[in-house]
Amino acid sequence: MTHSRSLYSTSSHSKLFGGNSDSSPILQLNKISKQYQVKGGTFATDRQNVVHALTAISFDLHRGETLGVVGESGSGKSTLMRIIVKAERPTDGNLSYYPTKNTPLHDMCKRKLLPLSINDLSTKETKLYYDQVKIVFQDPTRSLNPRLTVSYILLQSLLYSPSFNIHCDARSYKAKRALALERIHHTLAHLGIDKAMLQRYPTEFSGGQRQRLAIARALIHRPHVLICDEVSSSLDVTTRANMVTLLKELQEAFGFSMLFISHDISLVAYISDTIIVLKNGITVEHAPYQTILHNPKSEYTRMLIARAQTSK
Amino acid sequence: MPSIRRTEYRSAQRSFFSLPLARIFCLILCCMYIGVAGAPFFSPYSHQKKFEGLTYHPPNARFYSRELGLGLQAQKYVLVNTVSLEWRPLRGEYEKVRWLARGDRYSVLGLSETDIHLFTTQDYPLFIFGADHLGRDLLSRIIVGGRISLTIGLLGSLISLSLAILLGGLAGYYGGTVDWLIMRVCEFMLLIPGLYLLLFLRQIFLPTAPPGQTFVIISLILSLIGFPGSARLVRGIFLSIKEENYILSARLDSVPSIVIVFRHMLPHLYSILLISLSFSIPAFILGETALSYLGLGITDPSVSWGSLLSRRELNLRSISAFPWILMPGIFIILAGVSYNILAEHLRDFLDPYINPVFVQKKATTTKKKQSQKQNQKPKRELGVENTPFPENNTEKGIEQEEQVIQADHIPKPTASLYTDTLLSVRKLGLCFGSQSADPALQGFDMDIKRGEVLGIVGESGSGKSVSMLGLLGLLKYKAHVSYESIYMNNTPIDLDYEKDVACMRSHIAYVYQEPSQSYDPLVPIDKHFLETFRVQNPSIDKDEARLRSLEILSLMQIDRVEERIHSYFHQFSGGMIQRVQIALALANNPDILVADEITTALDVITEQTIMDLLIDICKTRSMAMICISHDIGLIGSVADRIAVMQKGRLVECDKTSTILNKPKAPYTKTLLGSQIRFGDRYDS
């Protein structure tokens, strides 16, 4: 498999980005494009309309790094996230993943050339990949099923996970359940949620608590990549700051790489090591945070910053 | 004058069985099922028992006679005309009805035999509903026939519902080819007229089956006809739930599809399925009736309500001579109506979207009388229980209020400073549900004058929107509103008077947060404007309305107005819709514009242009604006004064510069402190 490196991913460059990232990439996007065919109605004049959601997006996510993606609505942030978790196929481009050593995915793909191309994974490998890359969604009211108890959601999510089943190594259901519960309680302790509250339904929690439960749902799988899609935008101002700080603390505790997607440039600049600014599906700027903070190159970035400064 | 407002909103009924109609029909249905379950016991005779020579015997139940006194008894009849089967009562001849007596033998669940009936007679039969052409008791036959008719409805709709869930669920969850195939089959079934399909299927499935099997076959046929409608319903709901993030999460957690469909998605359908079940049961009962009427359904020796109305016995001559043989029809109608009414009420009860907003006039007037009475009593009993209401005197009241919540830095009343105050509100309180509940709003004071921009800042649940919505009577739920005084343009407003409220509303325009949900998508913009203008001036003609709306729209800096005025709302972007919305709000020249989180759903750059535009318009038209937002940064950049709210209370209200630079309340400090400014960095 030939693999062309993306514009910004020379290893020397990534070291410069600082933060707690080490140099090896975990996720590599190479010229990812996504187009949607918009069909006109029966009587519409233009039958086929192509919307370019993403155009040639390339970046590397390094181990332990926080990569911030800034963009207004319609900039293709959510499409990007859905492509990375394989909920959607890109029209063009390649998405590669470097599995961590001694993980089930790595063991399974020993014979294959690294990195793995996400679109070529078999069903089993895809499921293992799902366990390593997790999403936290924007709206906490919609990310947990209101008709199921929290403990049911978390337990089921873990018990069906193939990585967890390999980790448990064919033990009895009871033993597996106990292990799963132990892991859930451990994760919840990090998030400051009392395990006695597990029997409740999601609607009985406040917005901030629900968002923390959504994070817990992702973290119980011990993912290597965590994608946060506007996790704080539906929260109150006072909760918002806590949430961002919490995410950073969790990153230190669990050691995942984070893709932090938000429309708020001040928030992204607050926690990210590297920042990508998207506009209408095109990378406008891709730079370490220092550059964005002090010397942004693109006009659009400057406009966003100016707006952020006037309102605050 | 302090007055109190407890507006009763008609909300969705929270207690299903408190509805009298639902209760009555539920009772009827229960009685029917109990009667049918214990059919042999409740029927006075065996449904097969033929009384020789009593063909078409008329109903003969009597409650009083000179011979036997009070009590249920059978009048004896004699046949006077054997050709036209005319019966005459025999004077003085009665047979006493015996309660819990021995009669015909029957088996209990096939286990044991007994012969106890609820009531029966020894020598001469009691025909409460008359006898049929073979001299069998119609009541007994109706009770026994109900077994099949009522269970066929339940069984048939359960089978059809399972089919609908399975096929509709598959179609909705998988989509694509599966969806296409299943939906085309459903549409094909829906295309054929129901009765023909019924007859066709009946011909296919064992036309000459033994009576025991026909019951199952008929319910199968009926469910095959009934499922496509429900399948489409299930598919539609599944299609929308599938897009929810929690379903995507479950899929990414490697949860098998079957578990997702049945454990994650199906629970969302429970209420809808329950409603559709109770709507479909009467249809099944009628289907069985139709088949049996044509002689294709239940036949002797089994009985159902349909077979009792079989066309062989039912003709114009017999109906006119012996009308009581139509009795089973009454039972069918009763069961059908009961189920329909039950379903109707279930829908009102379970459907979250039926939530009437408008005020019930009767309730309001009675409450008003109460409140007038209460006004003479000590003020403490008024309104929200938790809020002790102070004396009439404003000054004194404020002092008391300050004593109660001194720590919260309630501002000194500023009303007296403004002579040109547009709207002045004192001690607005509001609580949802029962009065003992936590009030959503407490002691809310507000003054606003012309050309001023007042910002209300608070987190979710702080009561920032509720305060304005409650004032204008726009709340969706039942709420108790209390206040000390409200002045609009120096005239006192009584919220119990429709006229006062309407007058206040005509001065205040409200712009909501969600741009795409605020307007009817099927009405173009110019029609919206026309309707808005007609509120103030019913005689306005189209051309004038058009000119005025063009003027306002260009004021909002919308380009190509001439073409766009005929467009629909979905053809605009979020920012544009918000501009049009503001233009509509400005159409009737309001004095106060309430902007409730109008830019939350918009991009930051669009947000700035819209806010700038709004402020500009407010200043040039010397209009007041109330700007509600959770974002203290945004409010700080536009407002002249800021009111900070927390948990339904006003924490602080002061000039913008004071709030931003020298906040007094600790809460304001936290609010300002938790803002992440551009340039801040996380520091581990």
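Not measured: the values here are computed from a predicted model. Sequence order as written defines residue numbering, which begins from 1 separately in each chain. Here the convention is simple: chains get letters from A, ligands get numbers from 1, in the order in which they are written. With pLDDT at 70 or above as the cut-off, local features in this predicted model cover only qualifying residues; side-chain atom pairs require 80 or more to be listed or tallied, and sums for whole chains, interfaces and linings still use all residues.

## As for the overall build of chain A
Helix and strand definitions here come from DSSP, where helices need a minimum of 4 consecutive H or I residues and strands a minimum of 2 consecutive E residues; each element is numbered from the N-terminal end. Counting its regular elements, chain A contains 13 helices and 10 strands. Using C-beta atoms placed from the backbone, we call a residue buried if 20 or more other C-beta atoms fall within 10 Å of its own, exposed if 12 or fewer do, and partly exposed for counts in between. A buried classification covers 46% of the 312 residues belonging to chain A. Contact definition: two residues whose C-beta atoms, as placed from backbone geometry, lie within 7 Å. Across chain A, the fraction of contacts at a sequence separation of at least 24, relative to all contacts at a separation of at least 6, is 69%.

## Looking at the overall build of chain B
Each helix and strand in chain B was counted, giving 24 helices and 17 strands. Here chain B holds 684 residues, and the buried ones make up 39% of them.

## Section: the interface of chain B and chain A
Think of interface size as the accessible area that goes away when the parts come together; that is how it is often given. Each partner contributes to the interface: chain B provides 36 residues, whereas chain A provides 47 residues. Considering each element in turn, the side of chain B that touches chain A owes the most residues, 5 residues, to helix 7 (residues 245-252) of chain B. When residues are sorted by character, Ala, Val, Leu, Ile, Met, Phe, Trp, Tyr, Cys and Pro go into the nonpolar class, Asp, Glu, Lys and Arg into the charged class, and all the rest, Gly among them, into the polar class. For the side of chain B that touches chain A, a count of residues per class yields 14 nonpolar, 15 polar and 7 charged.

## Points about the sheet that holds strand 4 (residues 86-96) of chain B
All names here are of chain B. In this scheme, strands are said to pair when DSSP sees at least two bridges between them. Read across the sheet, 3 strands follow the order 2-3-4 without closing on themselves; strand pairing throughout is antiparallel. Every interior strand has two partners, whereas the edge strands, strand 2 (61-65) and strand 4, have only one. Each strand of the sheet is rotated relative to its neighbour by a mean of 45 degrees, with strand direction disregarded. Every axis in this analysis is a line fitted to C-alpha atoms, fitted for helices over the stretch in contact. Angles between the N-to-C directions lie between 0 and 180 degrees.

## A word on the pairing of strand 6 (residues 133-136) of chain A
Residues and elements named next belong to chain A. The two faces of strand 6 match: Val 133 and Ile 135 on one face and Lys 134 and Val 136 on the other face are all buried. Examined bridge by bridge, strand 6 and strand 7 (residues 225-229) share 4 bridges and lie parallel to one another. Within strand 7, the residue paired with Lys 134 across the bridge is Leu 226.

## Brief notes about the nonpolar core
The term nonpolar core means buried Ala, Val, Leu, Ile, Met, Phe, Trp, Tyr and Cys residues held together as one set by C-beta atoms within 7 Å. Within the largest apolar cluster, 100 residues are counted, with the highest numbers of intra-cluster contacts made by A:Val69, A:Val136, A:Val225, A:Ile227, A:Cys228, A:Leu259 and A:Phe260. The biggest single contributor to this core is helix 3 (residues 138-174) of chain B, with 7 residues. Once residues within four sequence positions are removed from consideration, A:Val225 is found in contact with A:Ile26, A:Leu27, A:Leu61, A:Gln132, A:Val133, A:Phe256, A:Ser257 and A:Leu259. Listed in part, the 80 residues of the second largest apolar core include B:Val425, B:Cys431, B:Ile598 and B:Met623.

## Here we look at helix 9 (residues 207-219) of chain A
Spacing of three or four residues puts side chains on the same side of an α-helix, whose turn is 3.6 residues. Residues and elements named next belong to chain A. Helix length check: helix 9 (13 residues) gives 18 Å between terminal C-alpha atoms against 18 Å at 1.5 Å per residue, within 8%. Judged by how many residues are buried, helix 9 sits mostly within the fold: 10 of 13 residues are covered. Among the residues of helix 9, those classed as buried are Arg 210, Gln 211, Arg 212, Leu 213, Ala 214, Ile 215, Ala 216, Arg 217, Ala 218 and Leu 219. For a helix, the expected span equals 1.5 Å multiplied by the residue count minus one.

## A word on the sheet that holds strand 3 (residues 66-70) of chain A
Residue and element names in this part refer to chain A. Strand order in the open sheet formed by 6 strands is 6-7-8-3-9-10, with mixed pairing between adjacent strands. For this open sheet the edge positions go to strand 6 and strand 10 (282-288), each flanked by a neighbour on one side alone. Strand-to-strand twist in this sheet, taken as the mean axis angle between neighbours without regard to direction, amounts to 15 degrees. One ladder, built from 5 bridges, connects strand 3 with strand 8 (residues 257-262); its direction is parallel.

## Here's the deal with the pairing of strand 16 (residues 641-646) of chain B
Residues and elements named next belong to chain B. Extensive coverage of strand 16 is indicated by the burial of 6 of its 6 residues. Side chains Arg 641, Ala 643 and Met 645 of strand 16 all project onto a buried face; the interleaved residues Ile 642, Val 644 and Gln 646 project onto the opposite face, where all are buried too. For strand 9 (residues 453-458) and strand 16, the ladder comprises 5 bridges, and the chain directions are parallel. Along strand 16, the bridge assignment pairs Ile 456 with Ala 643. Bridge analysis of strand 16 against strand 17 (residues 649-655) gives 6 bridges, and the strand direction is antiparallel. Paired with Ala 643 across the strands is Cys 653, a residue of strand 17. Between strand 16 and the antiparallel strand that follows it, strand 17, lie 2 residues; Lys 647 among them carries a positive phi value of about 50 degrees.

## Considering the confidence of the model for chain A
The predicted model of chain A averages 82 in pLDDT, with 89% of residues at 70 or higher. The low-confidence segment residues 1-21 of chain A (pLDDT under 50) makes 39 contacts with residues lying over four places distant or belonging to another chain. The quantity called pLDDT is the predictor's confidence in a given residue, expressed from 0 to 100.

## Some words on the environment of B:Leu274
Among the structural elements, B:Leu274 can be located in helix 9 (residues 270-293). In this structure, the C-alpha to C-alpha distance between B:Leu274 and B:Lys76, residues 198 residues apart in sequence, is 48 Å.

## Side note on unusual backbone geometry
Residue and element names in this part refer to chain B. One non-glycine residue with positive phi stands out, namely Tyr 56, at about 50 degrees. Within the element layout of this structure, Tyr 56 appears in the loop between helix 2 (39-42) and strand 2. Of the residues examined, Tyr 56 has 22 C-beta atoms within 10 Å and is grouped as buried. For Ser 254, which is not glycine, the phi dihedral falls at a positive 65 degrees.

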